[in-house]
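What follows is each chain in one-letter form.
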Amino acid sequence: MSTNSLSTVIYTRSPPSLKILNQLLLPHKTVYESITSAQEGYEQIKQMKVRGAPAIGIVAALSLAVDLLLQYSNPTCPMFKDQESLKGYVKSSLDHLKSSRPTAVNLFRASDILWNITEKENDVKIIIEKIVKEAEKMLIDDIQDNKNIGKFGAEFIAKESQIEKFSVVTHCNTGSLATAGYGTALGIIRSLYSQNKLSHAYFTETRPYNQGARLTAYELIHDKITSTLICDSMVSALLSLNKDNIEAIIVGADRVASNGDTANKIGTYQLAITAKYHNKMFIVAAPSTSIDLNIKSGKDIIIEERDGNEIIYVKGIVENELEIKKVRLPPEGVKVWNPSFDVTPAELITAIVTEKGVFMKDNETNEFNLSELLK
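What counts, and where the lines are drawn
Residues numbered from 1 in each chain as written. Predicted model: local features only at pLDDT ≥ 70, side-chain atom pairs only at ≥ 80, totals over all residues. Heavy atoms only, no water. Pairing = 2+ DSSP bridges. Helix = DSSP H or I, 4+ residues; strand = E, 2+ residues; numbered from the N terminus. Axes fitted to C-alpha atoms, helices over the stretch in contact; angles between N-to-C directions. Core = buried A, V, L, I, M, F, W, Y, C linked by side-chain atoms within 4.5 Å. Buried < 20%, exposed > 50% of the residue type's maximum accessible area, 1.4 Å probe, protein only. Contact = heavy atoms within 4.5 Å. Phe/Tyr/Trp six-rings, centres within 6.5 Å; stacked < 30°, edge-to-face > 60°. Lys NZ or Arg CZ within 6 Å of the ring centre and 35° of its normal. UniProt positions renumbered as here; feature names shortened; annotations may be inferred. Disulfide = S-S within 2.5 Å.

Draft legend 1. The sheet that holds strand β2 (residues 17-21), seen in detail. With antiparallel pairing, 3 strands are arranged side by side in an open sheet as β1-β2-β3. Each edge of the sheet is formed by a strand with only one pairing partner; in this case those strands are β1 (9-12) and β3 (32-34). Looking at each pair of strands side by side, their axes are set apart by 20° on average, direction ignored. Both β2 and β3 contribute to a ladder of 3 bridges, which runs antiparallel. Looking at β3, one finds that I20 is bridged to E33.

Below, the structure is given as structure tokens:
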């Protein structure tokens, strides 16, 4: 990948190298950090230096790939003398990586794909080669999948809106920083903008990590897309004003159940409710790798709960200073509940856009039958 300002992942096979953009420092600092092992990949994902379901799966896979390449090329390393020692290392590494963010289905899917390689092959060199190639393929495929999502989503919204130009609302960060490139929900916004169909993009700050205020703002300004930052609690008021011909709320997804129930960044559910009340389209944009056909409904999705300090403290640049600082908001002793995601019921979702096309609900059940559509 190129090293422009919106490359989340920079990878080379020879020499083995993986660097990720530390998103905790954006938009104030652009710092790339090296990953040389699966353990370091785990730490970067757990700390949310890299985030977004597609990017998490890709970084997990590539961190293992680079780990294996570096160890196999070291003549003093006895770890991979036979298939069993390699298989044990891959298994423990993948299990550890999966525990970093339990809601992101792409992480589990990537793990399953890489583990299946070790089950089918017996030669150490071949296993490592195939794991590396598969991880590289995930990186390449994600960019093209996102461009297809952007195309299909833009076409659908434009057709359903039936007006020349319109505005949209989005939540969290679903662009180049959450994927290998281009983005999912933000990919649709980019596609609408390139077709001159977008009047304005409103985006939420997305508490408590402020991915919208920090990251989506960074991307929209970079692309020179006309946009406005709003607080999470302002969306209903915005829609009630019928301002700028807002036609849709577009979000990403961390895990989609087979009936269409969607787990996404906390705050998504309330956006779906207000979209329904104000008769606006509510669009979920996600690659098919984010759809978990093993889960029947959102009730079965594990919701990650994170450290309460993420709500208690905020980071930012102090005016006229260059250093990023952390400040406390509530008083000492406050109790905090910090789920990272919520689940939006399928009945509130207008359409799910994947790289394969736009999926609509069954008229009788008011649910999506994704198991049939993705066969």
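Once the structure has been displayed, the description carries forward.
Draft legend 2. Region of the structure containing the nonpolar core. Core analysis: the biggest nonpolar cluster contains 43 residues, and Y11, L62, L68, L86, V90, L114 and I128 have the highest contact counts within it. For this core, the secondary structure elements donating two or more residues are β1, β2, α1 (38-46), α2 (53-72), α3 (83-98), α4 (105-120) and α5 (124-161). In terms of residues, this core owes the most to one element, α2, which gives 13 residues. With residues up to four places along the chain from it excluded, the contact list for Y11 reads S17, L18, L62, V66, L69, V132, E136 and L139.

Draft legend 3. Here's a closer look at the sheet that holds strand β8 (residues 255-257). Spatial ordering of the open sheet is given by β11-β8-β9-β14, a layout of 4 strands whose pairing is mixed. Strands at the two margins of the open sheet, each flanked by one partner only, are β11 (291-292) and β14 (341-344).

Draft legend 4. Spatial organisation of the packing of aromatic side chains. Across all of its chains, the model carries 0 aromatic pairs by this definition. When the ring centre of F108 is taken as reference, the NZ or CZ atom of R255 above it lies at 5.4 Å. The ring of Y313 carries K326 above its face, with NZ or CZ at 4.8 Å from the centroid.

Draft legend 5. Spatial organisation of the UniProt feature "active site" (unreviewed entry) in the protein. Taking the UniProt record as the reference, the feature "active site" (unreviewed entry) is found at D254. As for its position among the elements, D254 is in the loop between β7 (246-251) and β8. Ignoring any residue separated from it by four or fewer positions in sequence, one finds D254 in contact with A53, T103, A104, V105, N106, A263, N264, K265, S290 and F341.

Draft legend 6. Just the state of the cysteines, in detail. Under the defined criterion, the tally for this structure stands at 0 disulfides. No disulfide involves C231; its sulfur sits 16 Å from the nearest other cysteine sulfur, which is in C172. Owing to a relative accessible area of 27%, C231 belongs among the partly exposed residues under this scheme.

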